[in-house]
Every structure is written in structure tokens, then in C-alpha cells.
Amino acid sequence: MNITLVTPSYRPDLERCNQLVESVGEHVSGLDQHILLIDDEDMAVFKHLAGEGVSLIRKEDILPSWVSRMRWHQGWWWSKKTLPVRGWIMQQVAKLGIAEHLDTDVIVFADSDVSFVRPFDAGSLVRDSGSGEPQVRLYRDERKPHFYQNRRYRNWYRFAARALGLGNPDALSGAYIAQMVSWDRHSVIDMHRHIEQHTGLCWQAAVMRSLDFSEYVLYGAYVENVAAESRRHFFDPSLICHSSWYHDIKDQASLERYLESIGNEHCAVHIQSNLGFDLKDYTIPASL
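Owing to the predicted nature of the structure, the values given are computational and were not obtained by experimental measurement. (Residues numbered from 1 in each chain as written. Predicted model: local features only at pLDDT ≥ 70, side-chain atom pairs only at ≥ 80, totals over all residues. Heavy atoms only, no water.)

A. Fine view of the sheet that holds strand β15 (residues 181–184). Ordered in space as β4-β3-β1-β8-β15, the 5 strands form an open sheet in which the pairing is mixed. Every interior strand has two partners, whereas the edge strands, β4 (54–58) and β15, have only one. Shown here is a sheet whose adjacent strand axes are inclined to one another by a mean of 30 degrees, direction ignored. In the packing of helix α7 (residues 185–199) onto the sheet, contacts are made with β8 (106–109) and β15, and the angle to β15 comes to roughly 70 degrees. (Pairing = 2+ DSSP bridges. Helix = DSSP H or I, 4+ residues; strand = E, 2+ residues; numbered from the N terminus. Axes fitted to C-alpha atoms, helices over the stretch in contact; angles between N-to-C directions. Contact = heavy atoms within 4.5 Å.)

B. Broad picture of the side chain of S23. Here S23 is to be found in helix α1 (residues 14–27). For S23, a relative accessible area of 5% translates into the label buried. At 2.8 Å, the side chain of S23 forms a polar contact with the backbone oxygen of L20. Those residues within four positions of S23 in sequence are excluded, and the remaining contacts are V28, S115 and F116. (Buried < 20%, exposed > 50% of the residue type's maximum accessible area, 1.4 Å probe, protein only. Polar contact = N/O pair within 3.5 Å; in protein donor to acceptor, adjacent residues only side chain to side chain.)

C. Just the packing of aromatic side chains, in detail. One pass over the structure, following the stated rule, counts 9 aromatic pairs. Judged by centre distance (6.3 Å) and plane angle (65 degrees), the rings of F109 and Y216 are edge-to-face. Residue F109 is located in strand β8, and its partner Y216 is located in helix α9 (residues 215–225); the two are separated by 107 residues in the primary sequence. Given the relative accessible area of 1%, F109 is considered buried. By relative accessible area, Y216 is classed as buried at 5%. Between F147 and Y157, the ring centres sit 6.3 Å apart and the planes meet at 85 degrees, which makes this aromatic pair edge-to-face. (Phe/Tyr/Trp six-rings, centres within 6.5 Å; stacked < 30°, edge-to-face > 60°.)

D. Here's a closer look at the nonpolar core. Ranked by size, the top nonpolar core spans 53 residues in total, and within it I98, W183, M191 and L218 carry the most contacts. I3, F116, A122 and V136 belong to the second largest nonpolar core, which has 20 residues in total. (Core = buried A, V, L, I, M, F, W, Y, C linked by side-chain atoms within 4.5 Å.)

E. Local environment of α9. For α9, a buried count of 10 out of 11 residues is recorded, marking the element as mostly surrounded by other parts of the structure. When α9 is considered as a whole, its buried residues turn out to be E215, Y216, V217, L218, Y219, G220, A221, Y222, V223 and E224. The N-cap residue of α9 is S214: its side-chain oxygen and the backbone nitrogen of Y216 are 3.3 Å apart.

Now the structure itself:
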């Protein structure tokens, strides 16, 4: 199966994206291509990263023609079919939409503030189901209490239930948010059509009408609760990327403790760029 790594990035994360691309070249095998999903205004500063195995795609080429960036209000987009849309929502729309623009079987997402630290075979994300049909790994853990209690998480599950026609959002028991999440491309396209049939809207308009949603929760809920019979995925609760999302990092000392806790099961490390640390403030091991 063809496997594509997709990384959305933008100018403030350029150095981190450089580091990611270098680490992919050093540690990752089994990929057919690495796509950097870049805003049009940032293409010039990222173009040096294009080369063997790495391609740049303009985010604007993935998004529908009826949206356009607000040049005087950074981070927002005009839409002819919805109210103005925040940039964070548009990034998720682009991630969902790239399935219709790639000739690949499997899409793997890694943010630009991820760095690989161990050899990793992307082919390990696909297995034989036993019936001859390949299955793609989907991160899926049990939904923890804070996913039911936290308002934002509840919004994400509420939207997924509404968009997919699943009824009670509290009945959705899976947790799907991680780094290095892999999707079956054909299932993403099937989900687009399901959303359109259920909502009566094009899928982009349906998701853009939400003030906040999670692409990972939406897709995971679809696979588990709508398309379970397709058997295109196998569930795995293990975290193969050591992510700062799950750690309380407040200062240099807690960051160092986090880096010291990289496990043997982790092929990559994720340090959120919005934590406020510069790359010079820490050293991610080049290899372990």
C-alpha cells in the first residue's frame, strides 16, 4: 500500500519543520512521499524543503473555491456558504480534504513540531487482516472521564455525533487524538459522502459551520460507529509518538523531565510550538 506522510505547517514553525524533514530522512522508511501542506503566502520560505520524497502543496489548492483568506485579519477566512471561519478550523478542513487530492492508500499526520528519534517503518501501520485485505492502524483508546467533562472535548464529540447522525455523543466511547495518526484515504472520502447525505450540505460547509471540532474525533467516530463493517482499520491504543499534549510542561525543568521520559515504544517526540520554547532552549535526541 502507498503511504503518505502529511505535515501542515506555516512560517513561524519553519525551523521545526526543517528539523522534522531532516529526521524523516534519517529515521523513516516505507514512505512513498512526505507532503508539506503550506499557506500560499509561506510557500517561498518553505520551497527549499522540496526535493526527493518531499513535496509542497498549497493549502488554498485543497480548500473549496468559495473560501478566501482575510488579508487584513490574519487567521480568519471568508466563506460564501458559512460565517467567517477561523484558521484552526480551515487547517482541519484542509487535512480532511487532502484525501481527495492524493493518489495514495494511507495518510499519516505529523505536525511540524514533531521530530523522529528512532528508526520507524511506516509499513508497520498496515497489517494483513487475515482475509487478505490490508488494514490501517487507527489510534483508539478508551474515552477518559475528562473527555466527557471538559467543555471543549464535549463540543468535539457533540459535533461528530451530529454530523454523522449518531445520536447521543456520550455514547461515543473512543479517544482518537494523537500524533502519528493514520487514516485510510478511501474511508475519508466515504466519510465525506456520508456527511453530505446526512446533512444535505457539502461536507466542507457542514464542518465549517461548527465553531470548534476535531478532525480526529470526527474520523475516529465515523470508522468505529458508521463504517465498522468495512474492516479497513485495526485499533491500537499505544502512543508511538511521545507527545507534550499529555504532559504538564510549564518550565525548562519540566521540559527536561519530559524529554527524559521518552519510552522505547516512541519513534518520535512532539513538543508543541505554542508552549513558548525556542528550539535553542532544548535538544531533542538525534537518535536513541
